[in-house]
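# Inside the fold
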Amino acid sequence: MAPALEVADIFRRHGEAFRQAHAGHLGCVERRIMGAITACRTAALGGHVEQCDDCGTTRIAYNSCRNRHCPKCQGLARVQWLAERQAELLPVPYFHVVFTLPAPVGEIAFQNKAAVYAILLRTAAETLTTIAADPRHLGAKLGMTMVLHTWGQTLQHHPHVHCVVPGGGPSFDGTRWVACRTGFFLPVRVLSRLFRRLFLRELENAFGAGRLRFFGKLGNLRRLNWVVYAKPPFGGPEQVLAYLGRYTHRVAIANNRLLSLADSKVRFTWKDYRAGGKTKVMTLDADEFIRRFLLHTLPDSFHRIRHYGFLANGARSDCLALCHRLLDTRDTGAASEPTNNHTRGDRPCTAADFAICPDCGGTMRRIATVPRSCNPQPFSCDTS
């Protein structure tokens, strides 16, 4: 069932006023995102007519914008991505580690998104691999999946990285699997200090090379509290996938958190984690809501989901095969073939799998094409 209120509705009612009020500094990326979300699943993008095989019900299904910032366009992408990740799960505990930038560094990141977000992901990965390589802590190679988030519950700019990491890795000579201690990953205080040092070093190098601009001194940033948080391990592979499904393809706010739009005010729910995760309601002017939503637009071609270590894209298959052999040897005393987490008959999920009849639950088939509307798409990159 579709939410009663969507981000697209807020853009339709108040987007043009926002565009005019902020014409001087509203970028092309933000304009394109507003246009895509506004047009998503409307006649502006065209579509097709579907008919149920069983009961004959017909309906028009308009095309999606497929923009990664759109709250309505992440469902299929999430399912397909998770299906690919399922075959890569190892039979070990998984840990969730979060690297957060202090607020003053977040301000630098907002003005230099592509450069600083990349530094954040890269140094978080380097921090984990460096500490894990130390024999005093683990003495093994790590693999990790990292997801960049830039928002908090109230939509303010809050850049941080979520990391899902297997609890161990191959030894450096490739002869055995080295497991973390039960219920413990790596010391967060050690991680925090190295993360701060590596990040500030790269930030200073980027500044010296002219790749970013900011005011102030790096020395002041060294005195800030750099937070790295390691959560308890997941209960099993199913929980890992459930977690990834919640975090990998999220946008700043889901439509189901929106409560109302009236008198140019937007009401939405948020969780106050300082009050034990209590759900509260926030009210913002529509202009401020749109401004906060657009804080989290990513530069074109920027990858917010990245894999490092033995899960890096280049050699992932070979590294995972080695991990399975080492784990099987450890558990059974004899090497065996890597576990395949796909069941027989599995196939890639497609949009057709979501075409369910609203009346009887049958399968909807395409029977005709609906052309695009002749109306021009709003919020183009034209700044006039």
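Reference entry: report on the structure contained in this document. (Residues numbered from 1 in each chain as written. Predicted model: local features only at pLDDT ≥ 70, side-chain atom pairs only at ≥ 80, totals over all residues. Heavy atoms only, no water.)

A word on the overall build of the protein chain. A count of helical and extended segments in the protein chain gives 10 helices and 13 strands. Counting all 384 residues of the protein chain, 47% fall into the buried class. Long-range pairs, those at least 24 residues apart, make up 71% of the contacts in the protein chain with a sequence separation of at least 6. Of the roughly 19,800 Å² of accessible surface on the protein chain, 51% is carried by carbon and sulfur atoms. (Helix = DSSP H or I, 4+ residues; strand = E, 2+ residues; numbered from the N terminus. Buried < 20%, exposed > 50% of the residue type's maximum accessible area, 1.4 Å probe, protein only. Contact = heavy atoms within 4.5 Å. Areas by Shrake-Rupley, 256 points an atom, 1.4 Å probe, with all protein chains shown as cover.)

Next up on the list: the packing of helix 3 (residues 75-86) against helix 8 (residues 237-247). When two helices pack together, you describe them by how their axes are tilted relative to each other and by the distance separating the axes. At a minimum axis separation of 10 Å, helix 3 and helix 8 run at an interaxial angle of 150 degrees. The chirality of how helix 3 crosses helix 8 is right-handed. Contact with helix 3, carried on its side by R78, W81, L82 and Q86, involves L241, L244 and G245 of helix 8 and no other residues of that element. When its residues are assigned to classes, the contact of helix 3 with helix 8 shows four nonpolar, two polar and one charged. (Axes fitted to C-alpha atoms, helices over the stretch in contact; angles between N-to-C directions. Left-handed = near helix turned anticlockwise from the far one by under 90°. Nonpolar A, V, L, I, M, F, W, Y, C, P; charged D, E, K, R; others polar.)

For the coordinates displayed, the defined rule picks out 16 salt bridges. Its salt-bridge partner being R32, residue D300 comes within 2.6 Å of it at the nearest N-O pair. One end of the pair, D300, is in the loop between helix 9 (286-294) and strand 12 (305-309); the other, R32, is in helix 2 (residues 28-39), and 268 residues separate them in sequence. Judged by relative accessible area, R32 falls into the partly exposed class, the value being 34%. Here R122 and E202 are joined by a salt bridge, their closest N and O atoms 2.7 Å apart. Placement of the pair is R122 in helix 5 (residues 113-133) and E202 in helix 6 (residues 188-208), with a sequence separation of 80 residues. One network of salt bridges, with partners in common, ties together E84, R85, E88 and R316. (Salt bridge = Lys/Arg side-chain N within 4 Å of Asp/Glu carboxyl O.)

Spatially, 8-3-5-4-12 is the arrangement adopted by the five strands of the open sheet, whose pairing is antiparallel. Of all the strands in the sheet, the pair left with one neighbour each is strand 8 (227-231) and strand 12. Across this sheet, the average inter-strand angle for adjacent strands is 20 degrees, counted without regard to direction. One ladder, built from seven bridges, connects strand 3 (residues 94-100) with strand 5 (residues 157-166); its direction is antiparallel. From the neighbouring strand, H96 faces strand 5, where its bridge partner is V164. (Pairing = 2+ DSSP bridges.)

Moving on, we come to the environment of I10. Tracing the backbone shows I10 in helix 1 (residues 7-21). Aside from chain neighbours lying at most four places away, what touches I10 is G15, L258, L261, V266, F289 and I290.

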